[in-house]
Amino acid sequence: LLQTPPLPPPPPPPPAAAGAKAVQQAGLEGLTLATSRSSNSGYKGVTFYPNRQCSKKYQLKVRVGGRKVTLGMFAAAEQAALFYARWEAGRDTSDLTAPP
């Protein structure tokens, strides 16, 4: 019998799927993603950089003591908005990959 090699892992989900997952996670955590009309991403604290050469084009910045602090770069606007909601709720945002 010939054995076929195992299939390679599937490619990572597209940002749209990642964004949908972040929206779902926000609901599970009882958080609301804060929208903004003045942001080019549509979310408060999140800025979209279309010309960045990497997959993470959404930057999350917050104001702390009158200064802007970057919390991270994200593949989807909704992911960044989720971490903004966590930050606003006083939750730990030091690990940008894990739910609280």
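It should be noted that the structure appears before, not after, this text.
Draft legend 1. Spotlight on the overall build of the chain. A count of helices and strands for the chain gives two helices and three strands. Buried residues in the chain amount to 29% of all 100 residues. By sequence separation, contacts in the chain at least 24 residues apart represent 35% of the contacts at least 6 residues apart. Summing over all exposed atoms, the chain offers an accessible surface of approximately 7100 Å²; the carbon and sulfur share of this is 56%.

Draft legend 2. Spotlight on the side chain of Gln 59. Position of Gln 59 relative to the elements: it lies in strand S2 (residues 58–64). Residue classification places Gln 59 among the buried positions, given a relative accessible area of 14%. At 3.3 Å, the side chain of Gln 59 forms a polar contact with the side chain of Tyr 49. Beyond its immediate chain neighbours, meaning those up to four positions away, Gln 59 contacts Gly 45, Val 46, Thr 47, Tyr 49, Thr 70, Gly 72 and Met 73.

Draft legend 3. Representation of the side chain of Ser 41 in the model. Along the chain, the position of Ser 41 falls in the loop between helix H1 (15–28) and strand S1 (46–48). At 3.0 Å, the side chain of Ser 41 and the side chain of Ser 39 are in polar contact. A polar contact of 2.7 Å, which involves the side chain of Ser 41, links it to the backbone oxygen of Val 46. The contacts of Ser 41, once residues within four sequence positions are left out, are Val 46, Thr 47, Phe 48, Tyr 58 and Ala 77.

Draft legend 4. Geometry of the pairing of S2. Across three bridges, S1 lies against S2 in antiparallel orientation. Residue pairing in the sheet places Val 46 in a bridge with Leu 60 of S2. As judged from the seven bridges shared by S2 and strand S3 (residues 67–74), these two strands associate in the antiparallel manner. From the neighbouring strand, Tyr 58 faces S3, where its bridge partner is Phe 74.

Cut-offs applied
- Residues numbered from 1 in each chain as written.
- Predicted model: local features only at pLDDT ≥ 70, side-chain atom pairs only at ≥ 80, totals over all residues.
- Heavy atoms only, no water.
- Helix = DSSP H or I, 4+ residues; strand = E, 2+ residues; numbered from the N terminus.
- Buried < 20%, exposed > 50% of the residue type's maximum accessible area, 1.4 Å probe, protein only.
- Contact = heavy atoms within 4.5 Å.
- Areas by Shrake-Rupley, 256 points an atom, 1.4 Å probe, with all protein chains shown as cover.
- Polar contact = N/O pair within 3.5 Å; in protein donor to acceptor, adjacent residues only side chain to side chain.
- Pairing = 2+ DSSP bridges.

Worth remembering: the numbers are spatial, not functional.
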